[in-house]
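# A closer look at the structure
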Amino acid sequence: MGRAKIPRKSTNIDMTAMCDVAFLLLSFFILATKQKPPEAVTVAAPSSVSTKAAPEKSILITLTKEGKTFLMMGDDIKKKDIIAAVNTAKSLGLSDAEVTKISKMPVIGVSLGQLKPLANRADEFSAAQMPGIPAKDSTNNELVDWIRGITTAYAGSELSLNDLQQMILLKGDGDALYPDFKNVKYALKKNGLYKFRIVTNSENAPVGSELYKLNRENPAGKKE
Amino acid sequence: MAEMDTSSGGGHKKGPGVKKPKKLSTRVDLTPMVDLGFLLITFFVFTTTMSKPTAMNMNEPKDDAKEEEMMKVKESAVMTILIGKGDQVYYYNGILTGDNATAIFKSSNFKDIRQIILDKRNSVPDGDKSKSDLMYIIKATKEAKFKNIIDILDEMQINAIPPGHYAEVDINDAELSLIKQTEDANGIK
């Protein structure tokens, strides 16, 4: 009985195509991921059902667990104008070069009096070492001066008050105490900013709640 | 793709005595490279945080409003929510007076408060505008955490209380002492 010979086939698979796919995906993920800006101070924000994404262009007030406040401004913010405005308002005696130097720092977290020494420091001063902007009570709330600087810097611009209010973000640690939060609010209210936004992590509306029903009725609906 | 043509062109014969060079395959095993590629993909996928931070709107009442400019709300439509230490929530309906304090002042927690808020909302009759009288006043003690405030504001959103029908204001001494009493009684540290 002659049996038909089955030709032996190599079990070697050409991996080239798979390799191509792997690296294509890899490069896609790397390029598509937006690098998170390094966080100078770590803060665990509480979560809320808000769905609006936090704006990219923002003035961020950070409130840490210990109650320290920091001010972070992006590159697209008139940072230099703000510092210059604070400089003139509080007569800090900063030179132009010093103002520029401070404006290049990612975080402002020292009292007004410490700004000048900070600008002249040769070594790196990380945000974790900074004592924070004093905002412990209403009598010595330097955050008020900073917010005033912000409103002054934007006073003559095309940006309306509402736009400015949209830009102000507060990111607080969940474990920060209420009085610290109140002091930040005080600083904003003192400068006529009655609206601001709080950075939170998103979570879904609990099943069966009113908001959940609203979302169900109007899936594409806009809600605040 | 990963192979190269190594055969010497068209079977050209070399003279006798010339050793035929051994044909070496240039085929490279790409399996480790694929492994590496997928390893990196997995790494990047896992380390990337997908959740984008969201922003919650805060509307603050003006502090310096004069007495006559202040918003008047019906007593029956007001609920005051107080936040104490240890994630405790207290609430009362209407206005707190010396006599009724113990009767209307109740303690709750973040789990139950949602239903309480909702019940209040449903108990208020629809005005000319829907629920125009409804008002929640949120107050917090010194020991309250930022998270608690956000949670309670979030509850307002969850219960679809329209903005402008809840406000966060300062606590007063009568409420503070009531909270203190309740905390002592319940042994909350």
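Now for a quick tour of the structure.

Criteria and thresholds
Residues numbered from 1 in each chain as written. Chains lettered and ligands numbered in written order. Predicted model: local features only at pLDDT ≥ 70, side-chain atom pairs only at ≥ 80, totals over all residues. Contact = placed C-beta atoms within 7 Å. Helix = DSSP H or I, 4+ residues; strand = E, 2+ residues; numbered from the N terminus. Nonpolar A, V, L, I, M, F, W, Y, C, P; charged D, E, K, R; others polar. Pairing = 2+ DSSP bridges. Buried ≥ 20, exposed ≤ 12 C-beta atoms within 10 Å, placed from the backbone. Axes fitted to C-alpha atoms, helices over the stretch in contact; angles between N-to-C directions. Parallel < 35°, antiparallel > 145°, perpendicular 65-115°, else oblique. Left-handed = near helix turned anticlockwise from the far one by under 90°. Core = buried A, V, L, I, M, F, W, Y, C linked by C-beta atoms within 7 Å.

## Some words on the interface of chain B and chain A
Interface size is commonly expressed as the accessible surface area that is lost when the partners come together. At the interface, 44 residues of chain B touch 49 residues of chain A. Among the elements that make up the side of chain B that touches chain A, the one with the highest residue count is helix α1 (residues 31-47) of chain B (nine residues). Each residue belonging to the side of chain B that touches chain A can be placed in one class, and the counts come to 23 nonpolar, ten polar and eleven charged. Direction of pairing for strand β6 (residues 195-202) of chain A relative to strand β1 (residues 54-59) of chain B: antiparallel, over a ladder of six bridges. Residue R197 of chain A lies in a different strand from β1 of chain B, and its bridge partner there is N57 of chain B.

## Examining the environment of Q129 of chain A
Tracing the backbone through its elements, the reader meets Q129 of chain A in the loop between α4 (115-119) and α5 (142-155). Sequence-wise, Q129 of chain A and V110 of chain A are 19 residues apart; in three dimensions their C-alpha atoms are separated by 9.7 Å.

## Description of the pairing of strand β3 (residues 69-73) of chain A
All names here are of chain A. The buried fraction of β3 amounts to five of the five residues, a majority that puts the element mostly inside the structure. Where burial is concerned, the two faces of β3 agree: the one with T69, L71 and M73 and the one with F70 and M72 are both buried. Pairing between strand β2 (residues 59-63) and β3: five bridges, direction antiparallel. Residue pairing across strands places I59 opposite M73, the latter belonging to β3. Connecting the antiparallel pair β2 and β3 is a turn made up of five residues, with G67 showing a positive phi of about 90°. Across two bridges, β3 lies against strand β4 (residues 107-108) in antiparallel orientation. Bridge pairing in β4 places L71 opposite I108.

## Description of the packing of helix α2 (residues 79-89) of chain A against α5 of chain A
Between two packed helices, what matters for the description is the angle formed by their axes and the separation of those axes. Residues and elements named next belong to chain A. Packing of α2 against α5 leaves a shortest axis separation of 8 Å and a crossing angle of 120°. One element, α2, and the other, α5, form an angle in the oblique class. Taken as a pair, α2 and α5 cross one another with a handedness that is right-handed. Where α2 approaches α5, its residues D81, I82, A85, V86 and A89 are matched on the opposing element by D145, W146, R148, G149, I150, T152 and A153. Broken down by class, the residue content of the contact of α2 with α5 amounts to seven nonpolar, two polar and three charged.

## Some points on the sheet that holds strand β5 (residues 135-140) of chain B
All names here are of chain B. Reading across from one edge, β4-β3-β2-β5-β6 is the order of the five strands in this open sheet, with mixed pairing throughout. The open sheet has two edge strands with one neighbour each: β4 (106-109) and β6 (166-168). The sheet shows a mean angle of 25° between the axes of neighbouring strands, direction not considered. As paired strands, β5 and β6 are joined by three bridges and run parallel to one another.

## Comments concerning the nonpolar core
Residues F70, L71, L170 and V184 of chain A together with I81, Y136 and I149 of chain B are the most contacted members of the largest nonpolar core, which totals 79 residues. Residues in contact with F70 of chain A, not counting those within four places in the same chain, are V41, T62, V107, I108, G109, A127, G132 and I133 of chain A. Counting residues in each nonpolar core, the second largest holds five residues, with A22 and L26 of chain A together with L30 and I41 of chain B among its members.

## Quick word on the packing of helix α1 (residues 16-32) of chain A against α1 of chain B
Taken N-terminus to C-terminus, the directions of α1 of chain A and α1 of chain B make an angle of 25°; their axes are 9 Å apart at the nearest point. It follows that α1 of chain A is roughly parallel to α1 of chain B by the angle criterion. Crossing handedness for the pair α1 of chain A and α1 of chain B: left-handed. Of the residues in α1 of chain B, those in contact with M18, C19, A22, F23, L25, L26, F29 and I30 of chain A of α1 of chain A are M33, V34, G37, F38, L40, I41, F44 and V45 of chain B. Its residues assigned to classes, the contact of α1 of chain A with α1 of chain B shows 15 nonpolar, one polar and no charged.

In short, geometric facts, not functional conclusions.
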